[in-house]
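Chain by chain, the residues:
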Amino acid sequence: MTEKLIDPFARPISYLRVSVTDRCDFRCVYCMSENMTFLPKKELLTLEELDRLCTAFVDMGVEKLRITGGEPLVRREIMTFFRAMTRHLDSGALRELTLTTNGSQLERYAQDLWDAGVRRINISLDTLDEAKFSDITRWGRLAQVLKGIDAAQAVGMRVKINVVALKGFNEDELLPITEWCAERDMDVTWIEVMPMGDIGNENRLDQYWPLKDLRARLAEHYTLTDLPESTGGPARYVRLEETGQKIGFITPLTHNFCESCNRVRLTCTGELFMCLGQEDNADLRAALRNHPEDNAPLEDAIRAAILRKPKGHDFDYSRQRLDGQMTRHMSHTGG
Ligand code: SAM
Ligand code: SF4
């Protein structure tokens, strides 16, 4: 192994999130506009390039790889990539290979993912109501996602449900979602809606449901025990004593997690974002494509990028305006 990646604030970079496509079979209202223009294929990293890049990161100390998108499972031949990453699990260099998915293709791929070494999976689901599900995802069908969740659990995967907390949309489902997940032995993570992409007519401040409020409501019905664990990310966890479930709260708009940030994000075009809340990024595709046989320029580019990782981000809703608002879509960096 080559020297590990450490950023200027002495944070080891051990977690890489990789968006493998900007495409998706859903059009969630907080994530994409209805008419998205997707990237031409030549802009995308090939599966071989993704392999080379991820392997370079693993060689430099990345132990956890999360595949995301767009919807990762709509990328053609994506299982070839997952199967290729299995060698890093087998060698012990990679501790975890996982993905975040909308679940629509899981019925088809759950077994293949398990065989490739995926043991835990995050599935995004904002409502258990069919009509609301169609509204929020525009193109999605709840039944298909539920089948996907069944398939993942049937092969033995541990499933965590990700829910975007939306005022006036799923506030009334706080308890039903919690109970439904408890029955199926699934943990839940609530995500505060982030100011991403072009907001257009939808004013996300109206949809903003602070997780502090959500947590207080949960505490009216359950006994919450704070869990000390930190994953180096923006999530805080509690255990519900009555169900044993772990509930996560992702509040990306607060700064409370930047000190322990251990992650970077790679887009499907090979841009490396050192911070979810900053525009600065490094083009790793050029290093890949200009030097197909030599990894040294790629490693140099990665190290140079990590040296630019900022201390923290600039999101701020506190004055009721969208300071630090990002113009890129979530599907670009994969959340
Ligand atoms: N398509 C996959 C999925 O939906 O799980 C992976 C990509 S998606 C961009 C990753 C996560 O980001 C999902 O859990 C989604 O709900 C969340 N997300 C998307 N836009 C968001 C926003 N504006 N604020 C907060 N979370 C968002
Ligand atoms: Fe697609 Fe995921 Fe974005 Fe929804 S949140 S549009 S499923 S990428």
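Note that the coordinates shown come from a computational prediction; the quantities given were computed from them, not determined experimentally.

Brief notes about the nonpolar core
Now for step 1: One finds Leu16, Phe57, Phe82, Leu113, Trp190, Leu272 and Ile302 to be the most contacted residues of the largest nonpolar core, which totals 96 residues.
Now for step 2: Tallying contributions element by element places helix H1 (residues 47–59) first for this core, with seven residues.
Now for step 3: In contact with Leu272, not counting residues within four places along its chain, are Leu16, Phe57, Val264, Arg265, Leu266, Asp280, Asn281, Ala282, Leu284, Ala305 and Ile306.

Quick notes on the pairing of strand E4 (residues 120–124)
Now for step 1: Inspection of the sheet shows strand E3 (residues 96–101) paired to E4 by three bridges, in the parallel sense. Residue Leu99 lies in a different strand from E4, and its bridge partner there is Ile121.
Now for step 2: One crossover worth recording links E3 to the parallel E4 by way of helix H3 (residues 106–116), and it is right-handed.
Now for step 3: The sheet contact formed by E4 and strand E5 (residues 158–165) spans five bridges and is parallel. Bridging from a neighbouring strand, Arg120 pairs with Arg158 of E5.

Re the site of ligand 2
Now for step 1: Surveying the vicinity of ligand 2 reveals the residues Cys24, Phe26, Cys28, Cys31, Met32, Gly70 and Asn102.
Now for step 2: Of the residues in the shell around ligand 2, the class split is five nonpolar, two polar and no charged.

Concerning the environment of Pro195
Now for step 1: For Pro195, the location among the structural elements is in the loop between strand E6 (187–192) and helix H7 (204–207).
Now for step 2: Its relative accessible area of 2% is what places Pro195 among the buried residues.
Now for step 3: With 82 residues separating them in the primary sequence, Pro195 and Gly277 have C-alpha atoms 9.9 Å apart.

Quick notes on the rules
Residues numbered from 1 in each chain as written. Chains lettered and ligands numbered in written order. Predicted model: local features only at pLDDT ≥ 70, side-chain atom pairs only at ≥ 80, totals over all residues. Heavy atoms only, no water. Core = buried A, V, L, I, M, F, W, Y, C linked by side-chain atoms within 4.5 Å. Buried < 20%, exposed > 50% of the residue type's maximum accessible area, 1.4 Å probe, protein only. Helix = DSSP H or I, 4+ residues; strand = E, 2+ residues; numbered from the N terminus. Contact = heavy atoms within 4.5 Å. Pairing = 2+ DSSP bridges. Right-handed = clockwise from strand over helix to strand, strands pointing away. Near = heavy atom within 4 Å. Nonpolar A, V, L, I, M, F, W, Y, C, P; charged D, E, K, R; others polar.

Bear in mind that shape data such as this cannot, by itself, settle questions of function.
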